Amino acid sequence: MVDNCMGPNPLWLLEDLGRDCSLRPGMKVLDLGCGLGMTSIFLAREYGVEVWASELWVAPEENTARFEQTGVVDQVHAVRAEAHDLPFESEQFDAILSVGSYHYFGTDDLYLGYIGKFLKAGGQLSIAVPSLHRELRALGGIPEYLRSGAGWEALAFHTPEWWRFQWEQTGLVEVTASRAQPDGWLDWKLWCEVCAEHSPNELVRQGSRDTISMLDTDRGELLTFALITGQKKEPSEQYFSSMSASL
Ligand SMILES: C[S@@+](CC[C@H](N)C(=O)[O-])C[C@H]1O[C@@H](n2cnc3c(N)ncnc32)[C@H](O)[C@@H]1O
């Protein structure tokens, strides 16, 4: 896992996120921003679903080799794709999951309208992202320790309430779960400690030490993870979507 993580432990997050989803064998699932594919392997093995492992930064050949080694290559398809230009059919998926990635592109007000097209009616969109207990705007800006640990990109961290509002206001999905992990920061720190000690890559070890220092300063005051799940409404229930389609 140390070798195949690109951020906070995605399998710990996925295990928790899975409590809010209903995944059944044979379902078609998009793993959006799957990194080195660990979550895709987990989804195939633990839930028996068919997975499209979609990723921008990692070559699909590299992920396919991992899917072969782990015996899931018949069930998991590696795809290179930018999140705004996905090569999928409309309504192709029963579920779209995104662990540790959605905040890179999904804070755009209009993104839900785009990604939702790939879900069947009744399908689930489920994300786990770094999150805050309070919005930065309410704090007057990014606290210095957060800026040194996560950079200005911390602007993409939001509360579960922020995500719920963004999604509900589209009228496209019903938000079925939106919660912060109460002690998410402790899991985040534990995983950084593991990586700081065991990663073969000095950049990862250094990044993990920097994150530990940020988390130790914060001590769960602001930082955690948000787990948000929405269910796509039937077209007849999508009050606002017809309005936006006509604009
Ligand atoms: C920190 S990594 C997390 C990867 C993996 N989920 C994990 O936890 O190990 C963030 C991921 O977001 C994806 N990503 C960032 N911007 C993206 C974009 N514009 N389109 C698609 N994927 C994007 C990257 O490809 C990357 O794998």
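From a predicted model like this one, the values you see are computed outputs, not experimental measurements.

Parameters and conventions
Residues numbered from 1 in each chain as written. Predicted model: local features only at pLDDT ≥ 70, side-chain atom pairs only at ≥ 80, totals over all residues. Heavy atoms only, no water. Helix = DSSP H or I, 4+ residues; strand = E, 2+ residues; numbered from the N terminus. Expected span 1.5 Å × (residues − 1). Buried < 20%, exposed > 50% of the residue type's maximum accessible area, 1.4 Å probe, protein only. Arc of directions from axis to C-beta. Contact = heavy atoms within 4.5 Å. Polar contact = N/O pair within 3.5 Å; in protein donor to acceptor, adjacent residues only side chain to side chain. Pairing = 2+ DSSP bridges. Axes fitted to C-alpha atoms, helices over the stretch in contact; angles between N-to-C directions. Core = buried A, V, L, I, M, F, W, Y, C linked by side-chain atoms within 4.5 Å. UniProt positions renumbered as here; feature names shortened; annotations may be inferred. Parallel < 35°, antiparallel > 145°, perpendicular 65-115°, else oblique. Left-handed = near helix turned anticlockwise from the far one by under 90°. Nonpolar A, V, L, I, M, F, W, Y, C, P; charged D, E, K, R; others polar. Salt bridge = Lys/Arg side-chain N within 4 Å of Asp/Glu carboxyl O.

**Remarks on helix α9 (residues 202–218)**
Then, in step 1: The end-to-end C-alpha distance of α9, which contains 17 residues, comes to 24 Å, matching closely the 24 Å that a straight helix rising 1.5 Å per residue would cover.
Then, in step 2: Along α9, the residues classified as buried are S208, T211, I212, M214, L215 and D218. Buried residues of α9 fall within an arc of 165 degrees about the axis and therefore sit on the same side.
Then, in step 3: Contacts from the buried residues of α9 go to α6 (144–150), α8 (184–198) and β7 (223–232).
Then, in step 4: Measuring from the backbone nitrogen of L203 back to the side-chain oxygen at the start of α9 gives 2.8 Å, which picks out N201 as the cap.

**Some points on the sheet that holds strand β1 (residues 28–32)**
Then, in step 1: What the 7 strands build is an open sheet, ordered β3-β2-β1-β4-β5-β7-β6; its pairing is mixed. Looking at strand neighbours, the two that pair on one side only are β3 (76–80) and β6 (173–180), the edges of this open sheet. When strand polarity is set aside, the average angle formed by the axes of neighbouring strands in this sheet is 15 degrees.
Then, in step 2: Where β6 and β7 come together, 7 bridges link them in antiparallel fashion. Looking at β7, one finds that S178 is bridged to I228.

**Quick word on helix α1 (residues 10–17)**
Then, in step 1: Counting buried residues in α1 gives 6 out of 8 residues, a clear majority hidden from the surface.
Then, in step 2: When α1 is considered as a whole, its buried residues turn out to be P10, L11, L13, L14, D16 and L17.
Then, in step 3: Contacts made by the buried residues of α1 are with α2 (38–47), β4 (93–99), β5 (119–132), β6 and β7.
Then, in step 4: At the N-terminal end of α1, a side-chain oxygen is found 2.9 Å from the backbone nitrogen of L11, two or three residues along, and the residue is N9.

**Regarding the nonpolar core**
Considering soluble globular proteins, one finds that nonpolar side chains tend to be buried as a cluster.
Then, in step 1: L23, V29, L43, L97, L146 and L223 are the most contacted members of the largest nonpolar core, which totals 45 residues.
Then, in step 2: Mapped onto this core, the elements with two or more residues apiece are α1, α2, β2 (50–55), β4, β5, α8, α9 and β7.
Then, in step 3: The dominant element in this core, judged by the number of residues it contributes, is α8, at 6 residues.
Then, in step 4: Leave out the neighbours within four places in its chain, and L97 touches L14, L17, L23, V29, L30, D31, L32, L43 and S126.
Then, in step 5: One finds L32, Y114, V173 and V175 within the second-largest nonpolar core, a separate group that totals 28 residues.

**Considerations on the UniProt feature "domain: Methyltransferase" (unreviewed entry) in the chain**
Then, in step 1: In the numbering used here, UniProt assigns the feature "domain: Methyltransferase" (unreviewed entry) to residues 29–123.
Then, in step 2: For residues 29–123, the end-to-end C-alpha separation is 10 Å, with 26% helix and 28% strand making up the annotated structure.

**Overview of the packing of α1 against α2**
Then, in step 1: Running from N to C, α1 and α2 point in directions that differ by 40 degrees, and their axes come no closer than 9 Å. In terms of orientation, α1 and α2 fall into the oblique class. Handedness of the crossing formed by α1 with α2: right-handed. Contacts from P10, L11, L14 and E15 of α1 reach α2 at M38, T39, F42 and L43.
Then, in step 2: Of the residues that constitute the contact of α1 with α2, the class distribution is 6 nonpolar, 1 polar and 1 charged.

**Some points on the side chain of T211**
Then, in step 1: By the element assignment, T211 lies in helix α9.
Then, in step 2: The class of T211 is buried, set by a relative accessible area of 14%.
Then, in step 3: Each residue touching T211, except ones within four places of it in the same chain, is listed here: W188 and C192.

**Some remarks on the pattern of salt bridges**
Then, in step 1: Enumeration over the complete set of coordinates arrives at 12 salt bridges.
Then, in step 2: The shortest N-O distance in the salt bridge between D16 and R19 comes to 2.7 Å.
Then, in step 3: Between D16 and R179 there is a salt bridge whose closest N-O contact spans 2.9 Å. Linking D16 in helix α1 with R179 in strand β6, this pair joins segments that are 163 residues apart in sequence.
Then, in step 4: You can call R179 partly exposed: its relative accessible area is 22%.
Then, in step 5: What emerges from the salt-bridge pattern is a single network uniting D16, R19, D20 and R179.

**Some thoughts on the packing of α8 against α9**
Then, in step 1: Running from amino to carboxyl end, α8 crosses α9 at an angle of 150 degrees, the nearest separation of the two axes being 8 Å. Judged by the angle between their axes, α8 and α9 are roughly antiparallel. Note on packing geometry: the crossing formed by α8 with α9 is left-handed. Across the interface between the two elements, W185, W188, K189, C192, E193, C195 and A196 of α8 pack against V204, R205, S208, R209, T211, I212, M214, L215 and D216 of α9.
Then, in step 2: Each residue belonging to the contact of α8 with α9 can be placed in one class, and the counts come to 9 nonpolar, 2 polar and 5 charged.

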